[in-house]
Amino acid sequence: GAGVSQSPRYKVAKRGQDVALRCDPISGHVSLFWYQQALGQGPEFLTYFQNEAQLDKSGLPSDRFFAERPEGSVSTLKIQRTQKEDSAVYLCASSFGQGNSPLHFGNGTRLTVT
Amino acid sequence: QQQVKQSPQSLIVQKGGIPIINCAYENTAFDYFPWYQQFPGKGPALLIAIRPDVSEKKEGRFTISFNKSAKQFSLHIMDSQPGDSATYFCAVTSSNTGKLIFGQGTTLQVKP
């Protein structure tokens, strides 16, 4: 079945490197969310797209974080000059509609910054 | 400031027991209250959700109880099984954003 697909599953980066994390949402899903999940914590909102429009980026922790969804389907989360505190699982989720449509999560990318 | 507080942090029950996980929120604008289940190495998966116009919702062995005046809601798992061992997250959101705010999580272990 076609769920939300994220790649890579694991990424190890040296401090200062740039990384790009990819999300393929379920086909036809309008809404796309990025969340950050630290070890032993609940997911925390980063940013939200409705089609190609980034409607909310209030959760991005710094200007080193950037997300895009240029054609309203695949999305990329980019982190520049990675820091150790960026180590976390980055989760992507998509939903068919807006508002309270059920969110479908991918299995995440585990980023480790050394 | 935590917008949703979840307890307990961890829970151990015997097979067949009824674990109960609680969440409390502050903002009365929230109007959708889902529970998610997460296994190690996997993303959260929606279990069950409730809106504030009802006080209880049941789906299979999972029940949400909702107390609007107290701004609290809870998840009950009936006849719990070892396969229910996972981390459970409550979440809150409002219809005009769809942005989920998650609780801190409860790690449940169901012993055979």
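That block above? That's the structure.
So, how was this worked out
- Residues numbered from 1 in each chain as written.
- Chains lettered and ligands numbered in written order.
- Predicted model: local features only at pLDDT ≥ 70, side-chain atom pairs only at ≥ 80, totals over all residues.
- Heavy atoms only, no water.
- Salt bridge = Lys/Arg side-chain N within 4 Å of Asp/Glu carboxyl O.
- Helix = DSSP H or I, 4+ residues; strand = E, 2+ residues; numbered from the N terminus.
- Buried < 20%, exposed > 50% of the residue type's maximum accessible area, 1.4 Å probe, protein only.
- Disulfide = S-S within 2.5 Å.
- Contact = heavy atoms within 4.5 Å.
- Buried area = accessible area lost by both parts, 1.4 Å probe.
- Polar contact = N/O pair within 3.5 Å; in protein donor to acceptor, adjacent residues only side chain to side chain.
- Core = buried A, V, L, I, M, F, W, Y, C linked by side-chain atoms within 4.5 Å.

**Q** Residue-level account of the pattern of salt bridges, with values.
**A** A pair can form between side chains of opposite charge whenever their charged atoms are brought close. This model, assessed by the stated rule, comprises 7 salt bridges over all chains. Notably, a salt bridge pairs lysine 78 of chain A with glutamate 68 of chain A, separated by 3.4 Å at the nearest N-O pair. You can see lysine 78 of chain A sitting in strand 8 (residues 75-79) and its partner glutamate 68 of chain A sitting in strand 7 (residues 65-68), a full 10 residues away along the chain. Judged by relative accessible area, glutamate 68 of chain A falls into the partly exposed class, the value being 26%. In this structure, lysine 71 of chain B and glutamate 26 of chain B form a salt bridge, with 4.0 Å as the shortest nitrogen-oxygen distance. Of this pair, lysine 71 of chain B sits in the loop between strand 7 (62-67) and strand 8 (72-77) while glutamate 26 of chain B sits in the loop between strand 3 (20-25) and strand 4 (33-38); the two residues are 45 residues apart in sequence, bridging distant segments of the chain. Taking the relative accessible area as the measure of exposure, lysine 71 of chain B reaches 23% and is therefore partly exposed.

**Q** How would you explain the state of the cysteines if you had to name every residue and give the values?
**A** Applying the stated criterion across every chain yields a total of 2 disulfides over all chains. In this model cysteine 23 of chain A forms its disulfide with cysteine 92 of chain A; the gap between the sulfur atoms is 1.9 Å. Negative torsions about the S-S bond denote left-handed disulfides, and the value of about -65° found for cysteine 23 of chain A with cysteine 92 of chain A makes this one left-handed. You can see cysteine 23 of chain A sitting in strand 3 (residues 19-24) and its partner cysteine 92 of chain A sitting in strand 9 (residues 88-95), a full 69 residues away along the chain. The exposure class of cysteine 23 of chain A is buried, given its relative accessible area of 0%. What pairs with cysteine 23 of chain B in a disulfide is cysteine 90 of chain B, and their sulfur atoms sit 1.8 Å apart. Looking down the S-S bond of the cysteine 23 of chain B and cysteine 90 of chain B bridge, the torsion is -90°, so its handedness is left-handed.

**Q** Describe in detail unusual backbone geometry, supporting the description with residues and values.
**A** Proline 8 of chain A follows serine 7 of chain A through a cis peptide bond whose omega is -10°. The topology assignment puts proline 8 of chain A in the loop between strand 1 (5-7) and strand 2 (10-13). Of note, the amide linkage connecting serine 7 of chain B to proline 8 of chain B takes the cis form, showing an omega dihedral of -5°. In this structure, proline 8 of chain B sits in the loop between strand 1 (4-7) and strand 2 (10-14). Here the phi dihedral of asparagine 51 of chain A falls at roughly 55°; this positive angle occurs in a residue that is not glycine.

**Q** Report on the interface of chain A and chain B, specifying residues and quantitative values.
**A** Taken together, the contacts link 20 residues of chain A with 21 residues of chain B. When the two sides are added together, the surface that chain A and chain B hide from each other amounts to roughly 1,500 Å², 51% of it contributed by carbon and sulfur. The tally of links between chain A and chain B comes to 1 salt bridge. Run the count over chain A and chain B and you get 5 residue pairs in polar contact (both at pLDDT 80 or more).

**Q** Before we move on, can you summarise the nonpolar core with the specific residues and values?
**A** Among the nonpolar cores identified, the biggest contains 25 residues, and Phe33, Trp35, Phe73, Leu75, Tyr88 and Val92 of chain B are the most heavily contacted of them. For this core, the secondary structure elements donating two or more residues are strand 2, strand 3, strand 4, strand 5 (45-50), strand 7, strand 8, strand 9 (86-92) and strand 11 (106-111) of chain B. Phenylalanine 33 of chain B has contacts with Tyr25, Ile48, Ala49, Ile50, Pro52, Ile64, Phe66, Phe73, Ala91 and Val92 of chain B, leaving out every residue within four places of it along the chain. With 20 residues, the next largest nonpolar core counts Trp34, Phe65, Leu77 and Ile79 of chain A among its residues.

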